[in-house]
Amino acid sequence: MGNIHRGIMAGKLKGPILHGYFRSSCSWRVRIAFALKGIEYDQVPVNLIQDGGQQHTEQFKTLNPMQQVPAVEIDGFTFSQSLAVIQYIDETRPGPRLLPADSKKRAQVRMISDLIASGIQPLQNLHVIQKIGADKVHWAQYFIERGFQALEPILKQTAGKYCVGDEISMADICLVPQVYNAERFKVDVGQYPTIKKINQTLVEIEAFKVSHPSCQPDTPADIHA
Amino acid sequence: MNAVQPPILHGYFRSSCSWRVRIAFALKGIEYDQVPVNLIQDGGQQHTEQFKTLNPMQQVPAVEIDGFTFSQSLAVIQYIDETRPGPRLLPADSKKRAQVRMISDLIASGIQPLQNLHVIQKIGADKVHWAQYFIERGFQALEPILKQTAGKYCVGDEISMADICLVPQVYNAERFKVDVGQYPTIKKINQTLVEIEAFKVSHPSCQPDTPADIHA
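Rules used in this analysis
- Per chain, residues are indexed from 1 in the order of the written sequence.
- Note on labels: chains are lettered from A, ligands numbered from 1, in written order.
- Reporting of local features is limited, given that this is a predicted model, to residues whose pLDDT is at least 70; pairs of side-chain atoms are given and counted only at 80 or more, and all residues count toward the totals for whole chains, interfaces and linings.
- Side-chain measures were taken over the full set of non-hydrogen atoms in the model, leaving aside hydrogen atoms and water.
- Annotation comment: domain bounds sourced from an automatic or database domain assignment.
- Each of two parts loses accessible area, computed with a 1.4 Å probe, when they are put together; buried area is these two losses added.
- Polar contact is defined as a pair of N or O atoms within 3.5 Å, subject to the rule that within protein one atom must be able to donate a hydrogen and the other to accept it, and that residues adjacent in sequence are counted only when both atoms are side-chain atoms.
- A run of H or I in DSSP counts as a helix once it spans at least four residues, and a run of E counts as a strand once it spans at least two, with each numbered from the N terminus.
- Residues are sorted three ways: Asp, Glu, Lys and Arg are charged, Ala, Val, Leu, Ile, Met, Phe, Trp, Tyr, Cys and Pro are nonpolar, and all the rest, Gly among them, are polar.
- Residue contacts are counted whenever heavy atoms from the two residues lie within 4.5 Å of one another.
- Whenever a carboxyl oxygen of Asp or Glu lies within 4 Å of a side-chain nitrogen of Lys or Arg, that contact is scored as a salt bridge.
- UniProt positions are given in the numbering used here, feature names are shortened, and annotations may be inferred rather than shown by experiment.
- In this scheme Phe, Tyr and Trp rings, the latter by its six-membered ring, pair at centre separations within 6.5 Å, and the angle between planes marks the pair as stacked below 30 degrees, edge-to-face above 60, and tilted otherwise.
- Whether a residue is buried, partly exposed or exposed follows from its accessible area with a 1.4 Å probe, protein chains only, as a fraction of its type maximum: under 20%, in between, or over 50%, in that order.

Please clarify how the domain arrangement of chain B should be interpreted in this entry.
Interface size, as often reported, equals the accessible area lost upon joining of the parts. Residue and element names in this part refer to chain B. Here the domain parsing of chain B yields domain 1 (9–87) and domain 2 (94–199). Summarising the inter-unit geometry, the C-alpha centres of domain 1 and domain 2 are found 20 Å apart. Both sides together, the interface formed by domain 1 and domain 2 hides about 1600 Å², and carbon and sulfur atoms give 69% of it. The tally of links from domain 1 across to domain 2 stands at two residue pairs in polar contact (both at pLDDT 80 or more). Mapped onto the side of domain 1 that touches domain 2, the elements with two or more residues apiece are helix H1 (16–28) and helix H3 (73–83). With eight residues, H1 is the single largest residue contributor to the side of domain 1 that touches domain 2. A breakdown of the residues in the side of domain 1 that touches domain 2 according to their chemical character gives 10 nonpolar, four polar and two charged.

Structural data, given as C-alpha cells:
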C-alpha cells in the first residue's frame, strides 16, 4: 500500500479511505463531500503521472478496474464513480444534506452534476487528453466551453446563492473542481457570470478550501499553498 | 379536474440516452408522448434555437414532466423512480443502490460520452477505432465489476438503472463492431434483459421515428 495519511485515532471503527490524486477533480468532489459532512477519512495518494501512472498497477485495478481515481473503501466495501460515492455518503451519514429533500430540486441537482460529470469532465480527463495528443488544449477548451455555455442558462434558472436554490448540494461539489479545470485550460470563466459568481461564493467555504488541490498530502511542494 | 398532461420525451430512436428513458417509462408503466429530434437531418435538429431552450447542451433526451423540463437521462430516471409507483429502479439497500449508480455512471460518464455523436463527428476519420477503444476499455472494467455484483441482473436479482444503462450500451458496442463475446457476464445479462417487454417496446427498431428500412 502507498503511504496512508491518517486523520483519525486508533481504536475507532476504521474510517473511509480515499484513493485519489490531489489534482483529480473527481477525487476533489469526494473530498468536498467528506468535509461538508464532517467525516474524517484517510487518503492513499495515487500518482497519475509517475511510473507511467499508478492507476494502471494490478493492485489499483483491483480497487477500480476502470483505472481511474477516486476509489473509496467504506463500510467494508470498495467502489468508484464519485457521484455514486457522494450519494452513498449522503444517504448513510448525518449532517447537511448533499441533495435536496424536494424531488424536483433533487432532479435539478443531478442534472447539473451529470452535465459536468458526464458532459464535460470525461472529455477533458487525463486519459482522453493523452489520447488526443498535440491538440489537447483546444480539445479540452472546446468541451469545457460547450458545457459552460449550456450550464450558464441552466444555472440562471435554478440558482439562488448556490447552484440550486440556497443550499449547498452535489451540484456545487461538481462545479468548483470543473471551474478549476477550466482555469487550468485557460478558459475565460468571466464569459459565464452565473458560474463565476457561484464559484466565487463556494471557494470561500471551509469544506471547499480544506479539500483544495493546493493543500493535500500529495500536493507537490512547489504547488503547495 | 383537468387531466395531468403525460410526460413528453424529446429523443431520437437510436440515441442510447433516449432509450434509457424509454426503458424507465416502460418499466414503470408510464404512458408518455415522444417528440422526435432528428440528430442528423438539417444539420441536426438538436441545434435549433427551439431545442436549445429545452436543453442548452443540444443533446437528447430532454423530458417535459410535471410542469418542468430537464435533461440528463439518469437524473430523469431517478426523478421518475422517486415520484412514480411501480417497481423500484434503484434498490432499497444503500450499498446496492451505490453499486447501481457506480455501474450506471461507469457507462453514462465513462463510456457513452466518449462515443456519442458529437464526439465522433469531432474525431472524424478515426472515429470507429476511437469508439471501439473507449467501449472496450469500459467493458474491460465493467466485466469484473459485474462478476461481483450481478445475480440475474447487473446488481442482484432486481432490474435497476444499471440494466437500463447496459442494454443501450451493448447495442452501441455492436454497432461499432466490438465483440461483446469477450465479456461473458455483460453478454449474459444483456441477453436476459433484451427479452423483457420494457426493453423490447423501447428498442430503437420500433420507435415512431425509426426509419422504414430499420423498422422491425
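Would you mind going over the interface of chain B and chain A with me for this structure?
With 41 residues of chain B at the contact, the number on the chain A side is 41 residues. Each partner contributes to the roughly 3700 Å² buried at the junction of chain B and chain A, and carbon and sulfur atoms together form 66% of this total. Looking at the side of chain B facing chain A, the largest losses of area belong to B:Met57, B:Arg101 and B:Arg137, adding up to 17% of the total buried there. Counting the contacts that link chain B with chain A gives four salt bridges. Among the salt bridges present, the one from B:Arg97 reaches A:Glu91, with a minimum N-O distance of 2.6 Å. Remark: the boundary between chain B and chain A carries 13 residue pairs in polar contact (both at pLDDT 80 or more). Of all the secondary-structure elements, those providing two or more residues to the side of chain B that touches chain A are strand S4 (68–71), H3, helix H4 (94–110), helix H5 (117–123) and helix H6 (127–149) of chain B. At 12 residues, the largest contribution of residues to the side of chain B that touches chain A is made by H4(B). Here the residues of the side of chain B that touches chain A are counted per class, giving 21 nonpolar, 13 polar and seven charged.

Whenever I open this one, the UniProt feature "domain: GST N-terminal" (unreviewed entry) in chain A confuses me. Can you help?
Residues annotated in UniProt with the feature "domain: GST N-terminal" (unreviewed entry) correspond here to residues 14–97 of chain A. With 36% helix and 19% strand, residues 14–97 of chain A has end C-alpha atoms that lie 23 Å from one another.

Where do I start with the packing of aromatic side chains in this structure?
For any pair of aromatic rings, geometry is given as the distance between the ring centres together with the angle between the planes. Scanning all chains against the criterion turns up 19 aromatic pairs over all chains. Measuring from centroid to centroid gives 5.5 Å for A:Phe148 and A:Tyr192, while their planes differ by 85 degrees, and the two rings are edge-to-face. Placement of A:Phe148 in helix H6 (residues 136–158) and of A:Tyr192 in the loop between helix H7 (170–184) and helix H8 (193–202) is noted, with a sequence separation of 44 residues between them. Note on accessibility: A:Phe148 and A:Tyr192 belong to one class, buried. Centroid distance B:Trp130 to B:Phe134: 4.9 Å. Interplanar angle 55 degrees. Geometry classified as tilted. Of this pair, B:Trp130 and B:Phe134 both sit in helix H6, four residues apart, roughly one helical turn. Judged by relative accessible area, B:Trp130 falls into the buried class, the value being 5%. Ring pairs connect the aromatic residues A:Trp139, A:Tyr142, A:Phe143, B:Trp130, B:Tyr133 and B:Phe134, which therefore count as one cluster.

For this particular structure, what's the right way to read the pattern of salt bridges?
A side chain with one charge may pair with a side chain of the opposite charge, provided their charged atoms come close. On inspection of all chains with the given rule, the structure shows 13 salt bridges over all chains. Ionic pairing is found between B:Arg101 and A:Glu91, a salt bridge with its closest N-O pair at 3.0 Å. With one member in each of two chains, B:Arg101 in helix H4 and A:Glu91 in helix H3 (residues 82–92) form a pair that bridges those chains. Residue classification places B:Arg101 among the buried positions, given a relative accessible area of 4%. Several salt bridges converge on common partners, so that one network encompasses A:Glu91, B:Arg97 and B:Arg101.

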